[in-house]
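Commentary on secondary and tertiary structure
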Amino acid sequence: MDSLIKKFRRTANWGLYGSMTVAILTIIFHFTPYHISYQQPAVKQWMLIAGTMLAVLAIIMVLLVLRRTTPALRQLDNLEQKLQGYSNYICNLYRTTFFIVVVECALIVLMTDTALLMVTCLLVLLLFLSYPNMYKMKTDLGLTNAEMVLLFGSDYIPDNNETDPAEVIDEKNNQ
């Protein structure tokens, strides 16, 4: 299970920090006096439309996958299946979004215009918001305190106010 957690954390780090780096390098390159080429207005307009549509479709894809995958992962039976599904979900999300950010940045450089920069920053922000830390993973997968201690050991600090569903069931059976 540790290897799955390390795998999706590594992929998420590459996707997030890679996207930030590509976006920052694109901004820096745009404000230098060097430009690759100047496009005709019609080509520039179609590149803007294609880039905007690509970014909007990517955001819709991420939100729909997030909405459908998270409840489905909560319904799985054992912890291993939940972690495998979550790992696949996070890896696919961050790889796809990184690729789309690279395409958006390439369009920005080719167009010599920053009109697509705001949707690219929105994609990077979306990666920040869906970054998989241990507490987000707990809520996404619906894990108990015992499962979290099993996964993360002493790094996990349980919420003392939170009641474990297994403990509630045991208390009802004892009464």
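For the structure, see preceding data.
Residues numbered from 1 in each chain as written. Predicted model: local features only at pLDDT ≥ 70, side-chain atom pairs only at ≥ 80, totals over all residues. Heavy atoms only, no water.

**Some details on the packing of helix 1 (residues 2-30) against helix 4 (residues 117-129)**
The interhelical angle for the contact between helix 1 and helix 4, taken along N-to-C directions, is 160°, at an axis separation of 9 Å. By the angle between their axes, helix 1 is roughly antiparallel relative to helix 4. In the packing of helix 1 onto helix 4, the handedness of the crossing is left-handed. Listed contacts from helix 4 to G15, L16, S19, M20 and I27 of helix 1 are L117, V124, L127 and F128. (Axes fitted to C-alpha atoms, helices over the stretch in contact; angles between N-to-C directions. Helix = DSSP H or I, 4+ residues; strand = E, 2+ residues; numbered from the N terminus. Parallel < 35°, antiparallel > 145°, perpendicular 65-115°, else oblique. Left-handed = near helix turned anticlockwise from the far one by under 90°. Contact = heavy atoms within 4.5 Å.)

**Points about a nonpolar patch on the surface**
Where nonpolar side chains cluster on the molecular surface, the patch consists of W46, I49, M53, V56, L57, I60 and L64 and spans about 690 Å² of accessible area. By the element assignment, I49 lies in helix 2 (residues 41-74). Exposure remark for I49: the relative accessible area of 36% places this residue in the partly exposed category. (Patch = residues over 30% accessible without salt bridge, like charges linked within 9 Å, V, L, I, M, F, W, Y side chains within 5 Å. Areas by Shrake-Rupley, 256 points an atom, 1.4 Å probe, with all protein chains shown as cover. Salt bridge = Lys/Arg side-chain N within 4 Å of Asp/Glu carboxyl O. Buried < 20%, exposed > 50% of the residue type's maximum accessible area, 1.4 Å probe, protein only.)

**Let's talk about the packing of helix 2 against helix 3 (residues 79-111)**
Packing of helix 2 against helix 3 brings their axes to within 10 Å, and their N-to-C directions diverge by 170°. Overall, the two elements helix 2 and helix 3 adopt an arrangement that is roughly antiparallel. Across the contact of helix 2 with helix 3, the residue classes tally to 18 nonpolar, five polar and four charged. (Nonpolar A, V, L, I, M, F, W, Y, C, P; charged D, E, K, R; others polar.)

**A word on the pattern of salt bridges**
Taken as a whole, this structure holds one salt bridge when the rule is applied. Two residues, D140 and K136, come together in a salt bridge whose shortest N-O distance is 2.7 Å. Of this pair, D140 and K136 both sit in helix 5 (residues 134-141), four residues apart, roughly one helical turn. An identical accessibility class is assigned to D140 and K136; each is buried.

**Some thoughts on helix 6 (residues 145-152)**
Since the α-helix advances by 3.6 residues per turn, residues separated by three or four positions end up pointing in the same direction. Every buried residue of helix 6 is listed here: N145, M148, L151 and F152. Looking straight down helix 6, one finds that the buried residues subtend no more than 125° of arc, so they occupy a single side. Looking at the buried positions of helix 6, the neighbouring elements they touch are helix 1, helix 3 and helix 5. Backbone geometry just downstream of helix 6 places G153 in the positive-phi region, at approximately 65°. (Arc of directions from axis to C-beta.)

**A short note on the environment of G153**
In this structure, G153 sits in the loop between helix 6 and helix 7 (165-174). A C-alpha to C-alpha distance of 22 Å links G153 and L76, two positions 77 residues apart in sequence.

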